[in-house]
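Tertiary structure, described
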Amino acid sequence: MKRLCYYILLMLLSGCAKQMPTAISKSPTANITVNQVRMDIDKYAAAQVRWGGEISKVENKAARTWVEIVSQALSKNGQPLSDSKSHGRFIASFPGFIDPVVYKIGASVTVVGTISGESVAMIGEYAYHFPVVLVSGAHLWPQRVKTLYRPYRPSPWMYHQPWPDYYRRHPYTPWPYYNRPYPFSR
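Structure report, in brief.

The rules behind each value
- Residues numbered from 1 in each chain as written.
- Predicted model: local features only at pLDDT ≥ 70, side-chain atom pairs only at ≥ 80, totals over all residues.
- Heavy atoms only, no water.
- Pairing = 2+ DSSP bridges.
- Helix = DSSP H or I, 4+ residues; strand = E, 2+ residues; numbered from the N terminus.
- Axes fitted to C-alpha atoms, helices over the stretch in contact; angles between N-to-C directions.
- Buried < 20%, exposed > 50% of the residue type's maximum accessible area, 1.4 Å probe, protein only.
- Contact = heavy atoms within 4.5 Å.
- Core = buried A, V, L, I, M, F, W, Y, C linked by side-chain atoms within 4.5 Å.

Some remarks on the pairing of strand β1 (residues 48-60)
Inspection of the sheet shows β1 paired to strand β4 (residues 108-123) by seven bridges, in the antiparallel sense. For Gly 53, the partnering residue across the bridge sits in β4 and is Val 109. Alignment of β1 against strand β2 (residues 64-72), held across eight bridges, turns out to be antiparallel. Paired with Asn 60 across the bridge in β2 is Thr 65. The antiparallel pairing of β1 with β2 creates a hairpin that spans three residues between the two strands.

Given below as C-alpha cells:
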C-alpha cells in the first residue's frame, strides 16, 4: 500500500513539471549563440541550433516565410525568457505560408533547425547581417498574461462604524473583551 501511494504521488508530481514540447525537444549538441554565428557564418554553416525569442517581423515570400526574431535566452523547457537581454536577431525560414495573425509581432517562439546562410537587411539605417535558420520544428508559446499587484484595501463599510475611532484612542485594549462598547451600536 505504501509503495502504491509513492507511485501515485510520483505520477502527480511528474504531471506538474513543465515539459518541453516535442517539436523543439531535439537539442543540438553544441550551444551556439546568434552572435557567434554572426561573427563567422562560414564556420557554422549547416550547424544545428535551437534558438528562440520575440517575433519582430513576418514576411511571406513565394515559397517560404521569413520570420525575424529578436533572440533571447531559453529556459530549461525551451521557452524564451522575456527578462533577458537580446542576443541579436536571426531569420527563421519556414516552408510555405505562415499566417501573420497567428505568428504576430511580440509573440514568443522557439525554433529548431540548421543554419543555411545569412541575409543582409536594413534596421533603420544600419545594414544588419541576419543568420538564416531553415526551420525543422517550431513552437509558438502562449501569450503571457501580465498581472497587476492589487494591494489589500479594507471594505468601505467598516469606516462607517463607530468602533475604528475607538480603536485609535485605545489601541492596546484587546477586542472584544470587557470595557468595549458593542461596535454596531451608538
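Right, picking up where we left off after that structure.
Some details on the sheet that holds strand β5 (residues 126-140)
Taken in spatial order, the five strands close into a barrel running β1-β2-β3-β5-β4, and their pairing is mixed. Between one strand and the next, the sheet's axes are offset by a mean angle of 45°, whatever the strand orientation. Pairing of β4 with β5 involves 14 bridges; the strand directions are antiparallel. For Val 120, the partnering residue across the bridge sits in β5 and is His 129.

Considering the environment of Val 111
Here Val 111 is to be found in strand β4. On the basis of relative accessible area, Val 111 is assigned to the buried category, the value being 2%. On a C-alpha basis, the gap between Val 111 and Arg 50 in space is 5.7 Å, while along the polypeptide they are 61 residues apart. Here Val 111 is in contact with Val 49, Arg 50, Trp 51, Phe 90, Ala 92, Phe 94, Val 135, Gly 137 and Ala 138, once residues within four sequence places are set aside.

What about the nonpolar core?
Ranked by size, the top nonpolar core spans 22 residues in total, and within it Val 37, Trp 51, Phe 90, Ala 92, Phe 94, Val 111 and Ile 115 carry the most contacts. With sequence-adjacent residues up to four places away left out, Val 37 is seen in contact with Ile 32, Tyr 44, Trp 51, Ile 115 and Pro 131.

What about the side chain of Gln 72?
With respect to the element layout, Gln 72 can be found in strand β2. Among the residues examined, Gln 72 registers a relative accessible area of 12% and is labelled buried. The contacts of Gln 72, once residues within four sequence positions are left out, are Gly 52, Gly 53, Glu 54, Pro 80, Leu 81, Ser 82, Ser 84, Lys 85 and His 87.

Fair warning: the whole summary comes from geometry, so function is off the table for now.
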